[in-house]
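Chain by chain, the residues:
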Amino acid sequence: MSTPSGWILPAICAYKRANFQTDHRLGPAMAGHSQFKNIMHKKGKQDKIRSKIFSKLAREITVAAKMGMPDPAMNPRLRLAVLAARAENMPKDNIQRAINKASGGESENYDEIRYEGYGPGGTAVIVEVMTDNRNRTASDVRSSFTKSGGNMAETGAVSFMFDRVGLIEFPASKASADAMLEAAIEAGADDVVSGDEVHEVYCEQTSLNEVSKALEAVFGEPSKSKLIWKPQNTITVDDEAGEKLMKLMDTLEEHDDVQNVYSNFEISDVLMAKLAG
């Protein structure tokens with residue numbers, strides 16, 4: 001029986017493959033789609049990529065600080081944004097500068113928008129953006145879909161195929177699968193997927209900050225703590241459609257206004273090896 005898989009493509013990252021071997025289900029909330037592969041393909045030009053990553057992280061930090069208190073301890077969204085920045089080794093000065101920008105009156109006003117559409121092979125795609133120019137960004141995202149052979153749809157067209165959940169990640173070296181499971185149950189999580197490289201803990205979106213804090217008290221800072229769109233089911237696509245989809249993911253991910261990209265497709269090992277090469 002094959003293992004379900006899915007795509008979660010944060011725009012602040014490249015693509016990574018992970019094969020999950022241990023699946024602990026804690027309750028009905030996530031049953032039926034606990035396991036899936038987060039496949040990521042690392043690209044070159046590291047300096048350019050890192051600069052883009054920092055820029056997007058800084059934007060999220062500034063927006064989070066502007067919406068609430070400038071203190072991460074008092075602002076759950078800002079706390080998660082700072083954790084994400086630390087996980088990417090963003091310098092402390094850059095983080096503080098982004099926080100200060102929110103209260104300095106020099107920051108732009110960004111709109112947070114979710115675009116939805118269909119990629120090649122009938123796959124579902126969700127694109128989260130922060131933009132100071134709605135018309136420009138909408139045009140760019142629509143163009144990316146069209147050039148890939150897909151099309152942009154109305155909000156709500158595909159999001160029902162995903163669950164909005166919290167994701168907290170720790171390196172596998174932090175704990176055994178059983179220890180992570182026990183701590184996750186105590187923290188109030190819904191599901192744990194442990195593999196060779198990473199533990200993935202899932203929780204209700206409203207519980208993310210509390211569950212993340214509880215696990216941090218046991219294992220230290222997580223490598224990731226954020227809200228995601230997790231696909232309920234996945235679509236296996238052929239290599240031709242897979243290549244087009246990967247190009248679409250790359251194009252969207254590289255756009256300055258795009259913060260996160262999610263989809264629900266699975267590609268073959270042959271194509272994955274080709275892309276990795």
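Look up a bit, the structure's there.
Every chain's residues receive numbers from 1 upward, in the order its sequence appears when written. Per-residue local features are limited, in this predicted model, to residues with pLDDT of at least 70; the limit for side-chain atom pairs, both in listing and counting, is 80 or more; totals at the level of whole chains, interfaces and linings are taken over all residues. Heavy atoms from the whole structure form the basis of all side-chain values; hydrogens and water molecules are not counted.

### As for the side chain of Thr-137
Here comes step 1: Turning to its location among the elements, Thr-137 is positioned in helix H4 (residues 134-148).
Here comes step 2: Three exposure classes are used, based on accessible area relative to the maximum for each residue type with a 1.4 Å probe and protein chains only: buried under 20%, partly exposed in between, and exposed over 50%. Note on Thr-137: relative accessible area 0%, which makes it buried.
Here comes step 3: Of note is the side chain of Thr-137, whose polar atom sits 2.6 Å from the side chain of Asp-257.
Here comes step 4: Pairs of residues are marked as contacts when any of their non-hydrogen atoms sit within 4.5 Å. Filtering out sequence-adjacent residues up to four positions away, Thr-137 remains in contact with Tyr-115, Val-129, Thr-131 and Asp-257. Here a strand is any run of E in DSSP of at least two residues, a helix any run of H or I of at least four, and the numbering for each starts at the N terminus. Between N or O atoms, a polar contact is any pair within 3.5 Å; within protein, one atom must be a potential hydrogen donor and the other a potential acceptor, and residues adjacent in sequence are included only when both atoms are from side chains.

### Some words on the pairing of strand E7 (residues 191-195)
Here comes step 1: For E7, a buried count of 5 out of 5 residues is recorded, marking the element as mostly surrounded by other parts of the structure.
Here comes step 2: Where burial is concerned, the two faces of E7 agree: the one with Asp-191, Val-193 and Gly-195 and the one with Val-192 and Ser-194 are both buried.
Here comes step 3: A pair of strands is treated as paired once DSSP finds two or more bridges between them. Both E7 and strand E8 (residues 198-204) contribute to a ladder of 4 bridges, which runs antiparallel. Residue Val-192 lies in a different strand from E8, and its bridge partner there is Val-201.
Here comes step 4: With antiparallel pairing between neighbouring strands as the criterion, E7 and E8 make up a hairpin whose turn holds 2 residues.

### Considering the packing of helix H5 (residues 177-187) against helix H6 (residues 208-219)
Here comes step 1: A fitted line through C-alpha atoms represents every axis, and for helices the fit uses only the stretch in contact; the resulting angles, taken between N-to-C directions, go from 0 to 180 degrees. Two elements in contact, H5 and H6, have axes whose closest approach is 9 Å; the angle formed by their N-to-C orientations is 140 degrees. On the basis of their axis angle, the class for H5 and H6 is oblique. Where H5 crosses over H6, the two elements pack in a sense that is right-handed. Between H5 and H6, the residues in contact are Ala-179, Met-180, Ala-183, Ala-184 and Ala-187 and Val-211, Ala-214, Leu-215 and Phe-219, respectively.
Here comes step 2: As a working rule, the residues Ala, Val, Leu, Ile, Met, Phe, Trp, Tyr, Cys and Pro are called nonpolar, Asp, Glu, Lys and Arg charged, and the rest polar, with Gly in that last group. Each residue belonging to the contact of H5 with H6 can be placed in one class, and the counts come to 9 nonpolar, no polar and no charged. Oblique is the label for every angle not falling under 35 degrees (roughly parallel), over 145 degrees (roughly antiparallel), or within 65 to 115 degrees (roughly perpendicular). By definition, any crossing whose near helix is turned counterclockwise from its far helix by less than a right angle is left-handed, and any crossing with a clockwise turn is right-handed.

### Notes on the pattern of salt bridges
Here comes step 1: The working definition used for a salt bridge is a side-chain nitrogen of Lys or Arg within 4 Å of a carboxyl oxygen of Asp or Glu. Inspection of every chain in the model, using the stated rule, returns 14 salt bridges.
Here comes step 2: The salt bridge involving Glu-116 is made with Arg-114; its shortest N-O contact spans 2.8 Å.
Here comes step 3: With relative accessibility at 0%, the residue Glu-116 sits in the buried group.
Here comes step 4: Between Glu-169 and Lys-224 there is a salt bridge; the shortest N-O distance is 3.9 Å. Of the two residues, Glu-169 is situated in strand E6 (residues 162-171) and Lys-224 in strand E9 (residues 224-231); the sequence distance between them amounts to 55 residues. Like Glu-169, the residue Lys-224 is buried in the burial classification.
Here comes step 5: Through salt bridges that share partners, Arg-59, Asp-132, Arg-136 and Asp-257 make up one connected network.

### Examining the packing of H4 against helix H7 (residues 239-254)
Here comes step 1: Between H4 and H7, the shortest axis-to-axis distance is 9 Å and the interhelical angle comes to 165 degrees. Judged by the inter-axis angle, H4 sits roughly antiparallel to H7. When the axes of H4 and H7 are compared, the crossing they make is right-handed. Residues Val-141, Ser-144, Phe-145 and Ser-148 of H4 form the contact with H7, whose participating residues are Lys-244, Leu-248, Thr-251 and Leu-252.
Here comes step 2: Considering only residue class, the contact of H4 with H7 consists of 4 nonpolar, 3 polar and 1 charged.

### Details of the nonpolar core
Within soluble globular proteins, side chains that are nonpolar generally end up buried alongside one another.
Here comes step 1: Membership of the largest hydrophobic core comes to 23 residues, with the highest contact counts inside it found for Tyr-115, Val-125, Val-127, Phe-145, Leu-252, Phe-265 and Ile-267.
Here comes step 2: Put simply, the parts of the chain that give this core at least two residues each are strand E3 (111-119), strand E4 (123-131), H4, H7, strand E11 (258-263) and helix H8 (269-276).
Here comes step 3: Top element by residues in this core is H7. It accounts for 6 residues.
Here comes step 4: Not counting the four nearest positions on each side in its chain, Tyr-115 is found in contact with Val-125, Ile-126, Val-127, Val-129, Arg-134, Thr-137, Ala-138, Val-141 and Met-152.
Here comes step 5: Throughout, nonpolar core names a set of buried Ala, Val, Leu, Ile, Met, Phe, Trp, Tyr and Cys residues whose side chains join them through atoms within 4.5 Å. Counting 18 residues, the second largest nonpolar core, distinct from the first, contains Ile-168, Met-180, Leu-181 and Ala-184.

### Some points on the environment of Pro-222
Here comes step 1: Here Pro-222 is to be found in the loop between H6 and E9.
Here comes step 2: A relative accessible area of 5% places Pro-222 in the buried class.
Here comes step 3: Residues Pro-222 and Leu-83, spaced 139 residues apart in sequence, show a C-alpha to C-alpha distance of 7.7 Å.
Here comes step 4: Residues contacting Pro-222, with those up to four places away along its chain left out, are Leu-83, Ile-168, Glu-169, Phe-170, Ser-212 and Glu-216.

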